[in-house]
Amino acid sequence: MKLLNTLWSLALITTTTLASPTPSSMDVRSYLEARAGQSLEASSPAVSYTNTLIEQRADPHIYKHTDGFYYFTASVPAYDQIILRRAETIDGLRDAPETVVYQRTATEGPGSGYIWAPEIHYIDGKWYIYVALEQGQRGSWAIRPVVFEGTGDDPLEATWENKGVVDTGIDDFSLDMTYFEVNGVRYLAWAQTDPDFGSGTGIFIAKMINPWTVELPSVGITYPTLDWERIGHNVNEGAYVIVRNGKVFLSYSASATDHNYCVGLLTADETADLTDPDVWSKAQAPVFESYEPTENWGPGHNSFTKSEDGLSDVFVYHSRGYKDIVGEPLNNPDRRTRVQKLYWKADGTPDFGIPVAEGKTPVKLAAAGGYLANNGDGEPIVVSVEASLGQTLFRVNEPGSAGEGTVSLESGNLPGHFVSNQDGRAVLVSASDSDEFKAAASFEKVAGLAGEGVSFKSGDLYLSTGSCGVKFIESPTDEGATFTEE
């Protein structure tokens, strides 16, 4: 690949090195992977979506079907419906018409309570919606997982049949059921109150006999035992699975549904018996949480889907745009659906990063030797293989600060801060209304000098990487002035 040649060329001329073997003691591919800080297979194309995707839709689930359409469902503020949307693109779901496939009709007694967190899946030629329905009066908390089976090619027009409550083996509060398959074995996982644990919910798992029946006994694989899982309420809920790199990654959400809500992660080998609690390892800190600079609070209850080209993983979640909530968080309607790219670390594990800001999703700008990264306001831009994902995210704003025909590179983790040409040095600076700022922070985006990717010009100077850092120079190497958007 031309990119490999590009990276190898710069590896020979740059003096920025790692404490790792040189090509004389290892093959070129391994050397480049060490230089980039990740396996070459881990990189994938950038995605471009606009947040917020859908307002006032919590617990979002986006399913990409073989018919080329995306199907969306989520909790609605009144907790009284199961809704579906369909579109050919993820961004298209924003304005797609909404179809109600189930409406709560009872006003009191059984069936008059909450409808929570639906998910839609396609199994053996039929559609299935897993959803939590309150079996008694609203507020009775007699919540149980229920399965609806849909017959027909289009779930928005399917005939739906209630297959009833899933017997989890514990007749107590349970919700957030999800379906997944690993190595041909089908599983259901859900959140469940366990009398042997005490207050709160853990994540349970069981092999699936059919879409509405599990093999008992089910087993608990995680409980809210860590401090960050026990703020407001003791919660492990909202499980969802992605399988990559020989591992099964099960994300879940923890604590109360206010700004303390966050995402945790379990990991198991793909070949393990997933119904054995001992095969799962648990991250000891949240992998995704509130982030004040981007005004995202209480992110969680996520799902995963694929980009339109099928090459990138997409992380789907909800959050609020403000921290303080009046009253019970569950009654607040302002959790909104958001999407961003899911990245992967060098060790093959997911890198969730930070909840990104409103507007166009940011990208990573891959350069020879690593990624462009910022070290904070007023600090030089660097090329790094060790910076956090947030530090390496930049939004390519079009038009840029200087208007049409330009772009500006805005920091992903410090919104309102931009890459600027400061006397030939690339520096992160805070935005202002001055003409000087607009000129220094606006560039022409052109085809990459190396024949692929992109390059950025500031007048006659190119943004370029090399042994002297990240600068704007007149005659760069083609490789040093070429970036790949990921």
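Keep in mind that what you see is a predicted model, and the values were worked out from it rather than measured. (Residues numbered from 1 in each chain as written. Predicted model: local features only at pLDDT ≥ 70, side-chain atom pairs only at ≥ 80, totals over all residues. Heavy atoms only, no water.)

J.: Account for the overall build of the chain, with residues named and values stated.
T.: Per the secondary structure count, the chain includes three helices and 35 strands. In terms of overall size, the chain behaves like a compact globule, its C-alpha atoms giving a radius of gyration of 24 Å where 486 residues would be expected to give roughly 23 Å. Along the first, second and third principal axes, the C-alpha atoms of the chain reach 75 × 50 × 45 Å. Looking at the chain alone, contacts between residues at least 24 apart form 51% of all its contacts between residues at least 6 apart. For the chain, the separation between the mean place of its 35 positive charges and that of its 67 negative charges on side chains is 1 Å. (Helix = DSSP H or I, 4+ residues; strand = E, 2+ residues; numbered from the N terminus. Rg over C-alpha atoms; globule rule 2.2 N^0.38 Å. Contact = heavy atoms within 4.5 Å. Lys, Arg positive; Asp, Glu negative; His and termini not counted. Charge placed at Lys NZ, Arg CZ, Asp CG, Glu CD.)

J.: Can you lay out the sheet that holds strand S16 (residues 247–254) for me, pointing to particular residues and giving the numbers?
T.: Pairing within the open sheet is antiparallel, and its four strands lie in the order S15-S16-S17-S18. Each end of this open sheet is capped by a strand with a single partner; those strands are strand S15 (236–244) and strand S18 (281–282). Note that strand S17 (residues 262–269) and S18 share two bridges and pair antiparallel. From the neighbouring strand, Thr267 faces S18, where its bridge partner is Ser281. (Pairing = 2+ DSSP bridges.)

J.: Give me the nonpolar core: which residues, what numbers.
T.: Residues Trp116, Phe180, Ile205, Leu250, Leu274 and Trp280 are the most contacted members of the largest nonpolar core, which totals 31 residues. Contributing elements (two or more residues each) for this core: strand S6 (115–123), strand S10 (174–182), strand S11 (185–193), strand S12 (201–210), S15, S16 and S17. Residue contributions to this core peak at four residues, all from S16. Leave out the neighbours within four places in its chain, and Trp280 touches Ile205, Ile221, Val248, Leu250, Leu266, Thr267, Ala268 and Leu274. The next biggest cluster of nonpolar side chains, apart from the first, holds 19 residues, and it includes Leu365, Val419, Leu463 and Phe483. (Core = buried A, V, L, I, M, F, W, Y, C linked by side-chain atoms within 4.5 Å. Buried < 20%, exposed > 50% of the residue type's maximum accessible area, 1.4 Å probe, protein only.)

J.: With reference to specific residues and values, describe the environment of Tyr122.
T.: Tracing the backbone through its elements, the reader meets Tyr122 in strand S6. When the C-alpha positions of Tyr122 and Tyr63 are compared, they lie 9.1 Å apart, and in sequence the two are 59 residues distant. If we ignore the near neighbours within four places in the chain, the residues touching Tyr122 are Tyr63, His65 and Trp127. A polar contact of 3.4 Å, which involves the side chain of Tyr122, links it to the backbone oxygen of Gly125. (Polar contact = N/O pair within 3.5 Å; in protein donor to acceptor, adjacent residues only side chain to side chain.)

J.: Can you tell me about the pairing of strand S24 (residues 363–367), naming the residues and giving the values?
T.: Of all five residues making up S24, five are buried, and the element is well covered by its neighbours. Strand direction decides the pairing type here: S24 and strand S27 (residues 393–397), joined by two bridges, are antiparallel. Opposite Lys364, over in S27, you have Leu393 as the bridge partner. The pairing of S24 with strand S35 (residues 484–485) spans two bridges and is antiparallel. Bridging from a neighbouring strand, Ala366 pairs with Thr484 of S35. Looking at chain direction, S24 and strand S25 (residues 370–373) are connected through two bridges and run antiparallel. Pairing of Ala366 across the sheet is with Tyr371, part of S25. With antiparallel pairing between neighbouring strands as the criterion, S24 and S25 make up a hairpin whose turn holds two residues, including Gly369 at a positive phi of roughly 95°.

J.: Break down the sheet that holds S6 for me, with residues and values.
T.: Pairing within the open sheet is antiparallel, and its four strands lie in the order S6-S7-S8-S9. On the outer flanks of this sheet lie S6 and strand S9 (159–165), each paired with one strand and no other. The mean inter-strand angle of the sheet, taken between neighbouring strand axes irrespective of direction, is 25°. Pairing geometry for strand S7 (residues 126–134) and strand S8 (residues 143–151), over eight bridges, is antiparallel. Each residue of the ladder has a partner; that of Glu134, found in S8, is Ile143. (Axes fitted to C-alpha atoms, helices over the stretch in contact; angles between N-to-C directions.)

J.: Quick one: what's the story with the UniProt feature "domain: Alpha-L-arabinofuranosidase B arabinose-binding" (unreviewed entry) in the chain, residue by residue and with numbers?
T.: Per the UniProt entry, the sites bearing "domain: Alpha-L-arabinofuranosidase B arabinose-binding" (unreviewed entry) are residues 390–458 in this numbering. As annotated, residues 390–458 comprises 9% helix and 43% strand, and the C-alpha atoms at either end are separated by 25 Å. (UniProt positions renumbered as here; feature names shortened; annotations may be inferred.)

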